[in-house]
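# A structural walkthrough
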Amino acid sequence: MSETEKLSREDLVDLIDQALDPDHPRESGEVSRLHPADLAEVLEILPPAERQVVWKHVEESSEAAVLTFLSDEVRNQIVGEMTDEEVLASASALTITDLAGVVEELPQQLSQAVIEALDADRKTRLAKVLSFEEGMAGRIMTLDVMSVREDVSLSVVLRWLRLHPDLPSHTDALSVI
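Residues numbered from 1 in each chain as written. Predicted model: local features only at pLDDT ≥ 70, side-chain atom pairs only at ≥ 80, totals over all residues. Heavy atoms only, no water.

On a plain count of helices and strands, the protein comes out with 11 helices and 0 strands. Counting helices and strands in the order they occur from the N terminus, the protein gives α-α-α-α-α-α-α-α-α-α-α. Taking the intrachain contacts of the protein between residues at least 6 apart in sequence as the baseline, contacts between residues at least 24 apart amount to 59%. Accessible surface, the protein as shown: approximately 11800 Å² in total, 52% of it carbon and sulfur. (Helix = DSSP H or I, 4+ residues; strand = E, 2+ residues; numbered from the N terminus. Contact = heavy atoms within 4.5 Å. Areas by Shrake-Rupley, 256 points an atom, 1.4 Å probe, with all protein chains shown as cover.)

Here the focus is the packing of helix α2 (residues 36-45) against helix α3 (residues 48-55). Interaxial distance between α2 and α3 falls to 8 Å at its minimum, and their mutual angle equals 150 degrees. By the criterion of interaxial angle, the relationship of α2 to α3 is roughly antiparallel. Listed contacts from α3 to Leu39, Leu43 and Glu44 of α2 are Arg51, Val54 and Trp55. Partitioned by chemical class, the residues of the contact of α2 with α3 number 4 nonpolar, no polar and 2 charged. (Axes fitted to C-alpha atoms, helices over the stretch in contact; angles between N-to-C directions. Parallel < 35°, antiparallel > 145°, perpendicular 65-115°, else oblique. Nonpolar A, V, L, I, M, F, W, Y, C, P; charged D, E, K, R; others polar.)

Inspection of the secondary structure puts Ser111 in helix α8 (residues 108-117). Using a relative accessible area of 8% as the deciding quantity, one classes Ser111 as buried. What Ser111 contacts, discounting residues up to four positions off in sequence, is Val103 and Leu106. (Buried < 20%, exposed > 50% of the residue type's maximum accessible area, 1.4 Å probe, protein only.)

Moving on, we come to the nonpolar core. Counting residues in hydrophobic clusters, the biggest one holds 33 residues, and the most contacted among them are Leu39, Leu43, Trp55, Ile78 and Leu99. Listed by contribution, the elements that provide at least two residues to this core are α2, α3, α4 (60-69), α5 (72-81), α6 (84-92), α7 (96-105), α8 and α9 (120-130). Of the residues forming this core, the biggest block, 5 residues, is contributed by α7. In contact with Ile78, not counting residues within four places along its chain, are Leu43, Arg51, Gln52, Trp55, Leu67 and Leu70. (Core = buried A, V, L, I, M, F, W, Y, C linked by side-chain atoms within 4.5 Å.)

The next point concerns the confidence of the model for the protein. Put simply, the protein has an average pLDDT of 79, and 76% of its residues get 70 or more. This stretch, residues 1-5, has a pLDDT under 50; its non-local contacts, to residues over four places away or in other chains, come to 15 contacts. (pLDDT = per-residue confidence, 0-100.)

Let's shift gears to α3. Along α3, the residues that are buried comprise Arg51, Gln52, Val54 and Trp55. Angularly, the buried residues of α3 cover 165 degrees about the axis, an arc narrow enough to put them on a single face. (Arc of directions from axis to C-beta.)

For the structure shown, the criterion picks out 3 salt bridges. We note a salt bridge from Arg125 to Asp121, for which the minimum N-O separation is 3.4 Å. In this pair, Arg125 and Asp121 are both assigned in helix α9, 4 residues apart and thus about one turn of the helix distant. In this structure, Asp151 and Arg149 form a salt bridge, with 3.1 Å as the shortest nitrogen-oxygen distance. For the pair Asp151 and Arg149, one class covers both residues: exposed. (Salt bridge = Lys/Arg side-chain N within 4 Å of Asp/Glu carboxyl O.)

Next up, the structure:
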């Protein structure tokens, strides 16, 4: 995904106008310069026909991130226009919590196809998230875990963690089970 940029209001309007103008062919993905939340906000305010035109300019690698910021209604409309292959590709890039929200909104057959395309670990994690009712804390918890083989000592794990400062910033606990 290209690095997102802060655009002025005028630049944003120009970018969207050009994406909607058939006389100005743009590189696909040009609108992906926007942060996914900003792009989702733009998609929310556009009429459905124009929304689809702008959506076609979103890079495939950015689609999943943008989908997570859309309201259910707009996301369902966009997903409804996507091919099954496009939905599967976008779904594979979603976090488990975001995927849970999307899977429940998809038609049963497509939802099942998305679940079947997941690896065993992601299927298990998705099933765990879906077991919680919507609005419950368990539904929005991050279930990202790091597993360590039984034969690895705690001192080795701590050494590894100290050597890898690129852990997510929200990592605040280490549970030893």
